[in-house]
Amino acid sequence: EAMDAQEFAAQKNLALSTYLVDSKLVESTTLASCASAAFDMPVFNLDSLSINELPKEIVPNELLQKLHALPIEQTKKKLKIAIADPLNITALDEFKLITGMVTEPVLVEEHKLQKALEYERNLPQESFIMEDLLDKELDNIEFSTQEDNEHDFTPSAIDETPIVRFVNKIFL
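Throughout what follows, the structure given in this document is the object of discussion. (Residues numbered from 1 in each chain as written. Predicted model: local features only at pLDDT ≥ 70, side-chain atom pairs only at ≥ 80, totals over all residues. Heavy atoms only, no water.)

### Here's the deal with the sheet that holds strand β1 (residues 69-74)
Here is step 1 of the chain: Within the open sheet, the 3 strands sit side by side as β1-β2-β3. Their pairing is mixed. At either margin of the open sheet sits one strand with a lone partner, and together these are β1 and β3 (102-107). Adjacent strand axes in the sheet meet at a mean angle of 35°, parallel and antiparallel pairs treated alike. (Pairing = 2+ DSSP bridges. Helix = DSSP H or I, 4+ residues; strand = E, 2+ residues; numbered from the N terminus. Axes fitted to C-alpha atoms, helices over the stretch in contact; angles between N-to-C directions.)

Structure follows, in structure tokens:
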């Protein structure tokens, strides 16, 4: 039955969590608590946060909808992202790529995330122009020569890179 649900969700281009909750196969709270236990991630109650307190204009609204994720807290170098699907690594990577910040996933109930994203979708949007963001970032770029960039490409150094450690965890 799980494989069928995953197949139907993929056919409808939906996250599995969205499909399960929308089809009433699983309660939103049950899904969040099971995912929290399985993936050792905290569950956050979106009702405890005012929608006006959310970080604004980090990414365009269309991207929030596409990624099915919502930034809920921002510090200088860290961005907490509300997701209902603990496997939504794409959202975390996109936010990290766009903002340059470390992203931290926080599980939320699917129906509450949908409600918050719907609210965000209906808000008037400031024009978000990627070129403006890029121009600001390009002003702060420092160039260096090849001698400045001595990299350690020894096998032990490569084994310590974050992606290698992550893949090793998956295989072990």
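### Topic: the pattern of salt bridges
Note on pairing: side chains with opposite charge can pair once their charged atoms come close.
Here is step 1 of the chain: For the structure on display, the rule yields 4 salt bridges.
Here is step 2 of the chain: For glutamate 73, the salt bridge identified is with lysine 80, shortest N-O distance 4.0 Å.
Here is step 3 of the chain: Using a relative accessible area of 39% as the deciding quantity, one classes glutamate 73 as partly exposed.
Here is step 4 of the chain: The exposure class assigned to lysine 80 is partly exposed, which follows from its relative accessible area of 24%.
Here is step 5 of the chain: Bridged by salt links that share partners, the residues Asp47, Glu109 and Lys112 form one connected network. (Salt bridge = Lys/Arg side-chain N within 4 Å of Asp/Glu carboxyl O. Buried < 20%, exposed > 50% of the residue type's maximum accessible area, 1.4 Å probe, protein only.)

### A closer look at unusual backbone geometry
Here is step 1 of the chain: Of note in the backbone geometry, asparagine 13 takes a positive phi value of approximately 60° without being a glycine.
Here is step 2 of the chain: Topologically, asparagine 13 is positioned in the loop between α1 (2-11) and α2 (16-22).
Here is step 3 of the chain: Looking at asparagine 13, the relative accessible area reads 72%, which means it is exposed.
Here is step 4 of the chain: Its identity as a non-glycine residue notwithstanding, aspartate 40 has a phi of 50°, on the positive side.
Here is step 5 of the chain: Within the secondary structure, aspartate 40 sits in the loop between α3 (28-39) and α4 (61-67).
Here is step 6 of the chain: Judged by its relative accessible area of 72%, aspartate 40 falls in the exposed class.

### Regarding the nonpolar core
Here is step 1 of the chain: Formed by 29 residues in total, the largest nonpolar core has its most connected members in Leu70 and Phe95.
Here is step 2 of the chain: Sequence-distant contacts of phenylalanine 95, that is, excluding residues within four places in its chain, are made with Ile58, Val59, Leu64, Leu67, Ala69, Pro71, Leu79, Ile81, Gly100 and Thr103.
Here is step 3 of the chain: Within the second largest apolar cluster, 6 residues are counted, among which are Ala5, Ala9, Leu20 and Leu31. (Core = buried A, V, L, I, M, F, W, Y, C linked by side-chain atoms within 4.5 Å. Contact = heavy atoms within 4.5 Å.)

### Quick look at the pairing of strand β2 (residues 78-83)
Here is step 1 of the chain: Note: β1 against β2, 5 bridges, orientation antiparallel. Within β2, the position partnered with alanine 69 by the bridge is isoleucine 83.
Here is step 2 of the chain: If you look at the hairpin formed by β1 and β2, you'll find 3 residues sitting between the two strands.
Here is step 3 of the chain: Two strands pair when backbone bridges link them, and β2 and β3 are joined in this way by 6 bridges, in the parallel orientation.

By themselves these figures say nothing about function.
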